[in-house]
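Residue strings, one per chain:
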Amino acid sequence: MTLEVAVAHGLSNAQKVIAAIRSGKKTYHFIEVMTCPGGCIGGGGSRATRTNEVREARIKAIYREDDSKKLRKSHDNPDVAKLYEEFLGKPLGEKSHHLLHTKYTPRERM
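Only a predicted model underlies this, so the values are computations on that prediction, with no experimental measurement involved.

Participant: Would you explain the side chain of S96 in this entry?
Facilitator: Its location among the elements puts S96 in helix α4 (residues 94-100). You can call S96 buried: its relative accessible area is 2%. Reaching out from S96, the side chain makes a polar contact with the backbone nitrogen of G93 at a distance of 3.1 Å. If sequence neighbours within four positions are ignored, S96 has contacts with Y84, L88, K90, P91 and H101.

This is the structure we're talking about:
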């Protein structure tokens with residue numbers, strides 16, 4: 001089986017994917033939409049950048065930094081494994097869910 005997957009960066013690209021689906025031109029098994037231009041690298045927690053050139057340079061720098069690390073995945077980190085073993089129990093368990101997951105509450109703008 002071949003899976004048909006789409007990834008859309010930014011809402012304007014998400015609209016294009018939706019239009020292709022509605023018109024019958026495309027069918028997907030999975031669609032990931034990253035609402036920030038360029039994905040999370042261009043999101044609200046990052047410096048305001050206005051050009052794709054700046055975003056692309058940041059993306060390259062982050063990937064280069066990540067590639068240089070010995071530990072790149074949290075589930076391979078012995079400290080994280082020890083934390084689960086000695087305190088949290090199992091991933092997605094009741095204790096880890098209670099302590100590690102965030103609930104959002106709407107707030108008024110100040």
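Let us keep going from here.
Participant: Can you walk me through the packing of aromatic side chains in this structure?
Facilitator: Aromatic ring pairs are defined here through the distance separating the ring centres and the angle between the ring planes. Throughout the structure, instances matching the rule amount to 0 aromatic pairs. One residue, K95, lies across the ring of F87, its end atom 3.9 Å from the ring centre.

Participant: Even after reading the chapter, I still don't get the pattern of salt bridges, so can you show me in this structure?
Facilitator: Between side chains of opposite charge, pairing is possible as soon as their charged atoms come close. Considering all chains together, one arrives at 3 salt bridges under this definition. Residue D66 is joined to R72 by a salt bridge in which the shortest nitrogen-to-oxygen separation is 2.8 Å. When its relative accessible area of 45% is taken as the criterion, R72 is described as partly exposed. Between R72 and D67 there is a salt bridge, with its nearest N and O atoms 3.5 Å apart. Through salt bridges that share partners, D66, D67 and R72 make up one connected network.

Conventions we followed
- Residues numbered from 1 in each chain as written.
- Predicted model: local features only at pLDDT ≥ 70, side-chain atom pairs only at ≥ 80, totals over all residues.
- Heavy atoms only, no water.
- Helix = DSSP H or I, 4+ residues; strand = E, 2+ residues; numbered from the N terminus.
- Buried < 20%, exposed > 50% of the residue type's maximum accessible area, 1.4 Å probe, protein only.
- Polar contact = N/O pair within 3.5 Å; in protein donor to acceptor, adjacent residues only side chain to side chain.
- Contact = heavy atoms within 4.5 Å.
- Phe/Tyr/Trp six-rings, centres within 6.5 Å; stacked < 30°, edge-to-face > 60°.
- Lys NZ or Arg CZ within 6 Å of the ring centre and 35° of its normal.
- Salt bridge = Lys/Arg side-chain N within 4 Å of Asp/Glu carboxyl O.

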